[in-house]
Amino acid sequence: MRATTGLSGFAGRRRAARLLLPGLFLLLSACGHYDIKNLAKSDIDLVADEVIVETRSLVRDLTIKLYKRNPAELRKVPGQTIEGRLAILRENRRELLFAELQGRQGINAMDLAFDPVYQGDRVFALVAGLADMLRQSYGYKPEMFMVDQLNAEALATSARNIEVLVWKLKQSRRADGRPYLITHERGGVVDNLSFERLFGKLIALQDLLARVAADADDRLITTAVHTASTVFIPLPI
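Scope of this entry: the structure provided in the associated data block. (Residues numbered from 1 in each chain as written. Predicted model: local features only at pLDDT ≥ 70, side-chain atom pairs only at ≥ 80, totals over all residues. Heavy atoms only, no water.)

Remarks on the packing of helix α6 (residues 122-137) against helix α7 (residues 152-171)
Alright, step 1. Where α6 meets α7, the closest approach of the two axes is 9 Å, and the angle between their N-to-C directions is 165 degrees. Between α6 and α7, the angle falls in the class roughly antiparallel. Judged by the sense of rotation from one axis to the other, the crossing of α6 with α7 is left-handed. Every residue of α7 that contacts α6 at Leu 126, Leu 130, Met 133, Leu 134 and Ser 137 is listed here: Ala 154, Leu 155, Ser 158, Asn 161, Ile 162, Leu 165 and Leu 169.
Alright, step 2. Of the residues belonging to the contact of α6 with α7, the class tally is 9 nonpolar, 3 polar and no charged. (Axes fitted to C-alpha atoms, helices over the stretch in contact; angles between N-to-C directions. Helix = DSSP H or I, 4+ residues; strand = E, 2+ residues; numbered from the N terminus. Parallel < 35°, antiparallel > 145°, perpendicular 65-115°, else oblique. Left-handed = near helix turned anticlockwise from the far one by under 90°. Contact = heavy atoms within 4.5 Å. Nonpolar A, V, L, I, M, F, W, Y, C, P; charged D, E, K, R; others polar.)

A word on the packing of helix α2 (residues 43-69) against α6
Alright, step 1. Across the interface, α2 lies against α6 with an axial gap of 10 Å and an inter-helix angle of 170 degrees. When the interaxial angle is binned, α2 and α6 end up roughly antiparallel. Residue-level inspection shows Thr 55, Arg 56, Val 59, Leu 62, Thr 63, Leu 66 and Tyr 67 of α2 in contact with α6, the latter providing Val 123, Phe 124, Leu 126, Val 127, Leu 130, Ala 131, Leu 134 and Arg 135.
Alright, step 2. Of the residues contributing to the contact of α2 with α6, the split by class is 11 nonpolar, 2 polar and 2 charged.

So, the nonpolar core
Side chains that are nonpolar tend, in soluble globular proteins, to be buried together.
Alright, step 1. Formed by 60 residues in total, the largest nonpolar core has its most connected members in Leu 62, Leu 101, Leu 126, Leu 130, Leu 165 and Phe 199.
Alright, step 2. Going through the elements one at a time, α2, α5 (106-112), α6, α7 and α8 (194-216) are the ones with two or more residues in this core.
Alright, step 3. For this core, the leading source of residues is α8, giving 11 residues.
Alright, step 4. Those residues in contact with Leu 165 that lie beyond four places of it in its chain are Met 110, Phe 114, Leu 126, Leu 130, Phe 199 and Phe 232. (Core = buried A, V, L, I, M, F, W, Y, C linked by side-chain atoms within 4.5 Å. Buried < 20%, exposed > 50% of the residue type's maximum accessible area, 1.4 Å probe, protein only.)

Focus: α6
One turn of an α-helix holds 3.6 residues; hence residues three or four places apart share an orientation.
Alright, step 1. Compared with the 22 Å implied by 1.5 Å per residue over 16 residues, the 23 Å span of α6 between its first and last C-alpha is a close match.
Alright, step 2. By the criterion of burial, α6 is predominantly enclosed, with 15 of the 16 residues buried.
Alright, step 3. The backbone nitrogen of Val 123 has a side-chain oxygen 3.0 Å away, supplied by the residue at the start of α6, namely Asp 121.
Alright, step 4. Just past α6, the residue Gly 139 takes up positive phi, approximately 70 degrees. (Expected span 1.5 Å × (residues − 1). Polar contact = N/O pair within 3.5 Å; in protein donor to acceptor, adjacent residues only side chain to side chain.)

Brief notes about the side chain of Glu 73
Alright, step 1. The residue Glu 73 is located in helix α3 (residues 71-74) in this model.
Alright, step 2. Those residues in contact with Glu 73 that lie beyond four places of it in its chain are Tyr 67, Gly 120, Asp 121, Arg 122, Val 123, Arg 174 and Leu 181.

With respect to the environment of Asp 215
Alright, step 1. Inspection of the secondary structure assignment puts Asp 215 in helix α8.
Alright, step 2. Take Asp 215: its relative accessible area is 31%, and that puts it in the partly exposed class.
Alright, step 3. Taking C-alpha positions, Asp 215 is 8.8 Å from Ala 152, a pair spaced 63 residues apart along the chain.

Some remarks on the pattern of salt bridges
Alright, step 1. Summed over all chains, the structure comprises 10 salt bridges.
Alright, step 2. Two residues, Arg 85 and Glu 100, come together in a salt bridge whose shortest N-O distance is 2.9 Å. In this pair, Arg 85 is assigned in helix α4 (residues 82-91) and Glu 100 in the loop between α4 and α5, connecting sequence segments 15 residues apart.
Alright, step 3. Given a relative accessible area of 0%, Arg 85 falls into the buried group.
Alright, step 4. Here the salt bridges share partners, and the residues they tie into one network are Arg 85, Glu 100 and Asp 121. (Salt bridge = Lys/Arg side-chain N within 4 Å of Asp/Glu carboxyl O.)

Regarding unusual backbone geometry
Alright, step 1. In this structure, Gln 102 takes a positive phi of about 60 degrees despite not being glycine.
Alright, step 2. Looking at the secondary structure, you find Gln 102 in the loop between α4 and α5.

Topic: the packing of aromatic side chains
Alright, step 1. Scanning all chains against the criterion turns up 2 aromatic pairs.
Alright, step 2. Measuring from centroid to centroid gives 6.3 Å for Phe 114 and Tyr 180, while their planes differ by 90 degrees, and the two rings are edge-to-face. On the criterion of sequence distance, the pair formed by Phe 114 in the loop between α5 and α6 and Tyr 180 in the loop between α7 and β1 (185-186) is long-range, its members being 66 residues apart. Of the two residues, Phe 114 and Tyr 180, neither departs from the other in class, the shared state being buried.
Alright, step 3. Between the NZ or CZ atom of Lys 168 and the centre of the ring of Phe 114, over which it lies, the distance is 5.7 Å.
Alright, step 4. Against the face of Phe 232 rests Lys 168, its NZ or CZ located 5.5 Å from the ring centre. (Phe/Tyr/Trp six-rings, centres within 6.5 Å; stacked < 30°, edge-to-face > 60°. Lys NZ or Arg CZ within 6 Å of the ring centre and 35° of its normal.)

Without other data, these values stay purely geometric and don't point to any function.
Encoded structure:
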């Protein structure tokens, strides 16, 4: 994350807020979490804080849903519980680095969930990697202040990676044809669309915040993140 310098940068952030925050307000209001609580921060900082809170809540919901659909993954770690997994993610407020994931973070941890030779908990690899990637897109900051500046390209790249994740969950298969993780479909029948809604919220939040950051800097999002991809893209940080 780069520090904002000069009045022009601050003015840009204010202009971006006026143009794009209404959309974020509506999305966050629908999620039920938006509440102005710190007038010492800029408008963008306040919204970024709420996005951080909301994405962590969505990852929590995803963790619960995935374990309920894939209980065998939880049993790979003796004595582990869903609440225990949630506590690990909750207690680590910044980077997520775990020995059981071979020291992998972000997109590298998510890849483990689709690695045919990986014998560990695929659900944890996916959600810990996803959570770490989202945190990386915020510069590993649990909240934002006026001296901070959002990285538009990192945010946009994270949104594209979530789209890739959705594709992998639908298309990646074991040698016997079974999905690595059950989500929206079980036994060839689509029976749970809640995953689509959850991932859609995450993508929308990251994309909208990327637009705010890009407008604040008077720049275009120039990385090749709009190109269709079936592999995760490193965040440009």
